Amino acid sequence: MRPAILVLLLLTLITGLAYPLAMTEIAGAIFPKQAQGSLIERDGKVIGSALIGQEFKDDKYFHGRPSATTAPDPADSSKTVPAPYNAASSGASNLGPTSKALNDRLREDVNKLKAENPSAASVPIDLVTTSASGLDPDISPEGALFQVPRVAKARNVSEDKVRQLVAENTSGRLIGIFGEPRVNVLALNLALDAAR
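Everything quoted here is computed from the prediction, not taken from an experiment.

Conventions we followed
Residues numbered from 1 in each chain as written. Predicted model: local features only at pLDDT ≥ 70, side-chain atom pairs only at ≥ 80, totals over all residues. Heavy atoms only, no water. Phe/Tyr/Trp six-rings, centres within 6.5 Å; stacked < 30°, edge-to-face > 60°. Buried < 20%, exposed > 50% of the residue type's maximum accessible area, 1.4 Å probe, protein only. Lys NZ or Arg CZ within 6 Å of the ring centre and 35° of its normal. Helix = DSSP H or I, 4+ residues; strand = E, 2+ residues; numbered from the N terminus. Expected span 1.5 Å × (residues − 1). Arc of directions from axis to C-beta. Contact = heavy atoms within 4.5 Å. Polar contact = N/O pair within 3.5 Å; in protein donor to acceptor, adjacent residues only side chain to side chain. Pairing = 2+ DSSP bridges. 1 Å grid on protein atoms, 1.4 Å probe; cavity = no way out; pocket = protein on both sides within 12 Å on 5 of 7 lines; lining within 4 Å. Points joined across faces, edges and corners; volume = space filled by probe spheres on them. Nonpolar A, V, L, I, M, F, W, Y, C, P; charged D, E, K, R; others polar. Core = buried A, V, L, I, M, F, W, Y, C linked by side-chain atoms within 4.5 Å. Axes fitted to C-alpha atoms, helices over the stretch in contact; angles between N-to-C directions. Parallel < 35°, antiparallel > 145°, perpendicular 65-115°, else oblique. Left-handed = near helix turned anticlockwise from the far one by under 90°. Salt bridge = Lys/Arg side-chain N within 4 Å of Asp/Glu carboxyl O.

Student: I'd like a description of the packing of aromatic side chains, backed by residues and values.
Tutor: Evaluated as defined, the whole model comprises one aromatic pair. Seen in terms of ring centroids, Phe56 and Tyr61 are 5.6 Å apart; in terms of plane orientation they differ by 40 degrees. Their pairing is tilted. The exposure class assigned to Phe56 is buried, which follows from its relative accessible area of 17%. Relative accessible area serves as the criterion here: at 15%, Tyr61 is assigned to the buried category. In this structure, Arg155 packs its charged tip against the face of Tyr61, placed 5.0 Å from the ring centre.

Now the structure itself:
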């Protein structure tokens, strides 16, 4: 019995304490920015993370994907109060394709986006659907280009200049194979502010 207990304690120390601490130190040394949450600073103040979306409502900014995250209702613990991009409540809405609530929200979002962005283009799907985590910081290049007329009008700049900023802030596939091209909404909005 004694050897089994000693092995259990030894492996617990190695795999439960030493290994995680060593990996944390190595990650911090090799990837310091990523290990600290990929935080984005402006004027010495943290304004967000490249990994977690934020809600932008102003017409002069690009809007990200809708977020399905919620917060506990102070009067009811059913977690039904919308809390966009709430990292403490990450998750999808779990509404299926036959859900009336989902279909109503999609219809409302499409109509709202068409009213805000009057163009002949159809609304890109990522601007009305939530991601599995509810925290997605990126949109598709099509989602960004769809919003160009609204942003350009609100900022009183040419659409070509805004399109150029979208192109400059579009990331390609990882090593040319994995994922899809994407635009980080916070980085794009910061580039817009810097271009003034």
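Picking up where we left off.
Student: Please set out helix H3 (residues 100-116) residue by residue, giving values where relevant.
Tutor: Given 3.6 residues to a turn, an α-helix orients residues that are three or four positions apart in the same direction. Here H3 contains 17 residues, and its C-alpha end-to-end distance of 24 Å stays within 8% of the 24 Å for a straight helix at 1.5 Å per residue. Three or more residues of H3 are buried, namely Leu102, Asp109 and Leu113. The buried residues of H3 all sit within an arc of 30 degrees when viewed along its axis, so they share a single face. Away from its buried face, by an angle of more than 90 degrees, H3 presents the exposed residues Lys100, Arg107, Glu108 and Ala115. Structurally, H3 contributes buried residues whose contacts are with helix H4 (141-155). Near the N-terminus of H3, the side chain that reaches the backbone nitrogen of Ala101, with its oxygen 3.4 Å away, is that of Ser99.

Student: Lay out the sheet that holds strand E5 (residues 138-139) with the relevant residues and their values.
Tutor: The strands that make up a sheet pair up through hydrogen bonds in the backbone, lying either parallel or antiparallel. Strand order across the open sheet formed by three strands is E5-E7-E6, with antiparallel pairing between neighbours. Of all the strands in the sheet, the pair left with one neighbour each is E5 and strand E6 (170-171).

Student: Tell me about the layout of surface pockets, and please be specific about residues and values.
Tutor: Computed from the structure, the largest pocket encloses a volume of approximately 790 Å³. Those elements that place two or more of their residues in the lining of the largest pocket are strand E4 (76-82) and H3. Examining the composition of the lining of the largest pocket, we find that seven residues originate from one element, H3, more than from any other. Considered class by class, the residues forming the lining of the largest pocket number 11 nonpolar, 10 polar and seven charged.

Student: Explain empty space enclosed by the protein to me, and be specific about the residues and the numbers.
Tutor: For the structure on display, the rule yields one cavity of 30 Å³ or more. Taken as a whole, the largest cavity encloses approximately 50 Å³ of empty space. Together, Ser49, Ile52, Gly53, Gln54, Phe56, Gly64, Tyr85, Asp136, Pro137, Asn184, Val185 and Leu186 line the largest cavity.

Student: For the environment of Met23, give the residues involved together with the corresponding values.
Tutor: Within the element layout of this structure, Met23 appears in helix H1 (residues 2-30). In the structure, Met23 is positioned 167 residues away from Leu190 in sequence and 33 Å away in space, judged by C-alpha atoms.

Student: Pulling in residues and values, what's your account of the nonpolar core?
Tutor: Counting 24 residues, the largest nonpolar core has Phe62, Ala144, Val162, Val166 and Leu188 as the members making the most contacts within it. Of all the elements in the fold, those that place two or more residues in this core are H4, helix H5 (159-168) and helix H6 (185-194). Take this core: its biggest share by element is six residues, from H6. Among all residues touching Val162, those that are not within four sequence positions of it are Phe62, Val148, Val151, Ala152, Val157 and Leu192.

Student: Give a detailed account of the packing of H4 against H5, specifying residues and quantitative values.
Tutor: In the contact formed by H4 and H5, the axes pass within 9 Å of each other and the chain directions differ by 140 degrees. Here H5 runs oblique to H4, going by the angle between their axes. In the packing of H4 onto H5, the handedness of the crossing is right-handed. Residue-level contacts link Ala144, Leu145, Val148, Pro149, Val151 and Ala152 of H4 to Glu159, Val162, Arg163 and Val166 of H5. Taken together, the residues that form the contact of H4 with H5 break down as eight nonpolar, no polar and two charged.

Student: Give a detailed account of the pattern of salt bridges, specifying residues and quantitative values.
Tutor: Applying the stated rule across the entire model yields 11 salt bridges. We note a salt bridge from Asp104 to Arg107, for which the minimum N-O separation is 3.1 Å. Taken together, the positions of Asp104 and Arg107, both in helix H3 and three residues apart, correspond to about one turn of that helix. Exposure remark for Asp104: the relative accessible area of 26% places this residue in the partly exposed category. With its nearest N and O atoms 3.2 Å apart, the salt bridge here joins Asp160 to Arg163. Residue Asp160 and its partner Arg163 are located together in helix H5, separated by three residues, close to a single helical turn.

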